[in-house]
Amino acid sequence: MLNRRKFIQISALSSSFLSFQKKSWAGSGAITKPIVISTWDFGKQSNVEAWKILEKNGSALDAVEAGVKIPEADPNIQTVGYGGLPDRDGRVTLDSCIMDHLGNCGSVMCLEHIMHPISVARMVMEKTPHIILAGDGALQFALSQGFEKINLLTPESERAWKEWLKSSKYEPKMNIENELNDKKAASSAETMAPLYLAGGPYNHDTIGMLALDASGNLSGACTTSGLAFKMHGRVGDSPVIGAGLYVDNEVGAATSTGVGEEVIRSVGSHLVVELMRQGYSPELACKKTVERIVNRNPASAKSIQVGFLALNRKGEYGAYAIQKGFTYAVRSSKLETLIPGKSIL
C-alpha cells in the first residue's frame, strides 16, 4: 500500500515526465528573431519579400502582407490569386485573412476581380468595425478603397477548367501546390493536359505565412483561390480565423493548408496554438492536431492532405501533415531553406 509520501513522490515524477515529454521538442536558448516561415515551395520566394521588411526592423504585419502578395500576383501559381484555378462555373474566387499581435484580424471570402485579397483583408481589419466581408460586399469595399478591378482568369486556367468540364469529376489531388509550382513540369498545354483530366486535377491550396519581428511581435497571413472546380460560393479554412490562421502573441502562431473542411472541423490553427500554450513544441503541436483529424476519420484521411505550420514566440518552428509531400520555407538572419514536413502516413 502506498503511503502519502510515496504517492506524492510518484505523482511528482509523473508530472515531470509529462512536462518533459511535451517540452522536450520545444528546444531552449536565445530567441530567434526576426524570422519568417511559410507553406510550400513557393513560400521560399515569398519569404524573400517578407525578409526585406523584417531585416530593416519592420513589422511582422507588413512582412506577411508583402510576402504573400508575391504568389497572389504570379499567374504561374494556379492555387493563389491571379491565375488561380476557377470554380465549376469558371469564376475565380479568392479567400484571405490576416491577423496581428494584438488579436486584430480581417478576412475576405469569395472575393472576385481583385489581385491582392490579402491587402483587402488588412483594410477590413484596419478601416471597418468588422472582421469578415464576403462576395459582392467585399468587392464593393475593395473598389471603394481604390483597388483595381481585373479579370483573374488567365488563359491557362481557363483551359484547365474547360478540360475539367469534359468529365466534371471532383477529386482533389494531394500536394498539388508543389506539382503546379514544379519548374520541371512541361510547359505545353498538350503535355500538361493529363493534370486537368478526371481523377487528376487540382485541389487545395494555401500560402500561409507567419513572422516574428525584431520587436518580438507575431503576425500571420493566409491566402488562396481555394479548391479548384469547387461549387460557387464554397469557402474553406483559409479565411477563417482560428481554422486557417491564428495568432496569440503570448504563445505563438499557426496556419494550415490542405482540405479546408477538415481544418474547420478541428478549428485547427487555434488548436495548434493552444497546444503550444500547454507546453508543446510547434512541431509536436502540429502533429497532435493532425492526429486528431486522422483519428476522427481514418479511412478518409488516407485520401486527403492537411498540414499545419507553427511558430512560437521564441522563434522556434515546426510542421506536420497527414501525407508526405508537404514542404515549408524558413528565413532568418542565419538560415534560408526549404524543409520537407514530417507526416503521419
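Conventions and cut-offs
- Residues numbered from 1 in each chain as written.
- Predicted model: local features only at pLDDT ≥ 70, side-chain atom pairs only at ≥ 80, totals over all residues.
- Heavy atoms only, no water.
- Helix = DSSP H or I, 4+ residues; strand = E, 2+ residues; numbered from the N terminus.
- Buried < 20%, exposed > 50% of the residue type's maximum accessible area, 1.4 Å probe, protein only.
- Areas by Shrake-Rupley, 256 points an atom, 1.4 Å probe, with all protein chains shown as cover.
- Core = buried A, V, L, I, M, F, W, Y, C linked by side-chain atoms within 4.5 Å.
- Contact = heavy atoms within 4.5 Å.
- Pairing = 2+ DSSP bridges.
- Axes fitted to C-alpha atoms, helices over the stretch in contact; angles between N-to-C directions.
- Expected span 1.5 Å × (residues − 1).
- Arc of directions from axis to C-beta.
- Phe/Tyr/Trp six-rings, centres within 6.5 Å; stacked < 30°, edge-to-face > 60°.
- Salt bridge = Lys/Arg side-chain N within 4 Å of Asp/Glu carboxyl O.

Looking at this structure, I do not really get the overall build of the protein. What am I missing?
When its secondary structure is counted, the protein shows 12 helices and 13 strands. Here the protein, with 345 residues, has 56% of them falling under the buried criterion. Looking at the protein as shown, the accessible area adds up to about 14,900 Å², and 52% of this sits on carbon and sulfur atoms.

What should I look at first to understand the nonpolar core in this one?
Generally speaking, a soluble globular protein has its nonpolar side chains buried in company with each other. Residues I98, V120, V272, F308 and I322 are the most contacted members of the largest nonpolar core, which totals 76 residues. Tallying contributions element by element places helix α11 (residues 282-296) first for this core, with six residues. Leaving out residues up to four positions away in the same chain, V272 has contacts with A254, A285, C286, T289, F308 and A310. Counting residues in each nonpolar core, the second largest holds six residues, with L85, W161, W164 and F229 among its members.

Quick question: what am I supposed to make of the sheet that holds strand β1 (residues 35-39) here?
Note: strands within a sheet are paired through backbone hydrogen bonds, in either parallel or antiparallel orientation. The eight strands lie next to each other as β4-β3-β2-β6-β5-β1-β11-β12, forming an open sheet whose pairing is mixed. Both edges of this open sheet fall to β4 (132-134) and β12 (336-340), since each of them pairs with a single strand only. This sheet shows a mean twist of 10 degrees between the axes of neighbouring strands, independent of strand direction. Helix α4 (residues 117-127) rests against β2 (94-99), β3 (105-111), β4 and β6 (218-224) of the sheet, and its axis sits at about 130 degrees to β3.

What is the right way to read unusual backbone geometry from this model?
Leaving glycine out, the prevailing phi sign among residues is negative, and the prevailing peptide bond configuration is trans. Note that the residue after K33, namely P34, is joined by a cis bond; omega there is -5 degrees. With respect to the helices and strands, the residue P34 is situated in the loop between α1 (4-23) and β1. At N57, a residue that is not glycine, the phi angle is positive and equals roughly 65 degrees. You can see N57 is positioned in the loop between α2 (43-54) and α3 (60-72). A relative accessible area of 59% means that N57 is categorised as exposed. Here C110, not a glycine, exhibits a phi torsion of approximately 55 degrees, which is positive. Considering the arrangement of structural elements, one finds C110 in strand β3.

So what exactly am I meant to see when it comes to α2 here?
Its 12 residues place the ends of α2 16 Å apart at the C-alpha level, agreeing with the 16 Å of an ideal helix rising 1.5 Å per residue. Those residues of α2 lying buried are G43, S46, N47, A50, W51 and L54. Along α2, the residues classed as buried sweep out an arc of 140 degrees about the axis, all on the same side. The elements touched by buried residues of α2 are β1, α3, β5 (207-212) and β11 (327-332).

What am I meant to see in the pairing of β1 here?
Among the five residues of β1, five are classified as buried, and the element is accordingly described as predominantly covered. A two-sided burial pattern is seen for β1, the buried positions comprising I35, I37 and T39 on one face and V36 and S38 on the other. Both β1 and β5 contribute to a ladder of four bridges, which runs antiparallel. Paired with S38 across the two strands is M209, which belongs to β5. When β1 meets β11, the two strands line up antiparallel, connected through five bridges.

It is not clear to me how the sheet that holds strand β10 (residues 317-321) should be interpreted in this structure. Could you clarify?
Ordered in space as β7-β8-β9-β10-β13, the five strands form an open sheet in which the pairing is mixed. Of all the strands in the sheet, just β7 (245-248) and β13 (342-343) have a single pairing partner and so form its edges. When β10 meets β13, the two strands line up parallel, connected through two bridges. By the bridge assignment for β13, A321 is matched with S343. Strands β7, β8 (252-258) and β9 (306-312) of the sheet are contacted by helix α10 (residues 268-277), whose axis makes an angle of about 145 degrees with β8.

Explanation requested: the packing of aromatic side chains in the structure shown.
Geometrically, a pair of aromatic rings is defined through the distance of the ring centres and the angle of the planes. With the rule as written, the count across this model stands at three aromatic pairs. On the numbers, 4.8 Å between centres and 10 degrees between planes, the contact of W164 with F229 is stacked. Separated by 65 residues along the polypeptide, W164 in helix α6 (residues 155-165) and F229 in the loop between β6 and β7 bring together distant segments of the chain. Classification of W164 as buried rests on a relative accessible area of 2%. When its relative accessible area of 1% is taken as the criterion, F229 is described as buried.

What should I look at first to understand the pattern of salt bridges in this one?
Any two side chains of opposite charge can pair if their charged atoms end up close together. A full pass over the atoms with the stated rule returns 13 salt bridges. E261 is the partner of R234 in a salt bridge, and the nearest nitrogen-oxygen pair spans 2.9 Å. With R234 in the loop between β6 and β7 and E261 in helix α9 (residues 260-266), this pair connects stretches of sequence that are 27 residues apart. What makes R234 buried here is its relative accessible area of 15%. In this structure, R331 and E336 form a salt bridge, with 3.5 Å as the shortest nitrogen-oxygen distance. Of the residues examined, E336 reaches a relative accessible area of 40% and is grouped as partly exposed. A network of salt bridges, in which partner residues are shared, links D62, E65, R122 and E126.

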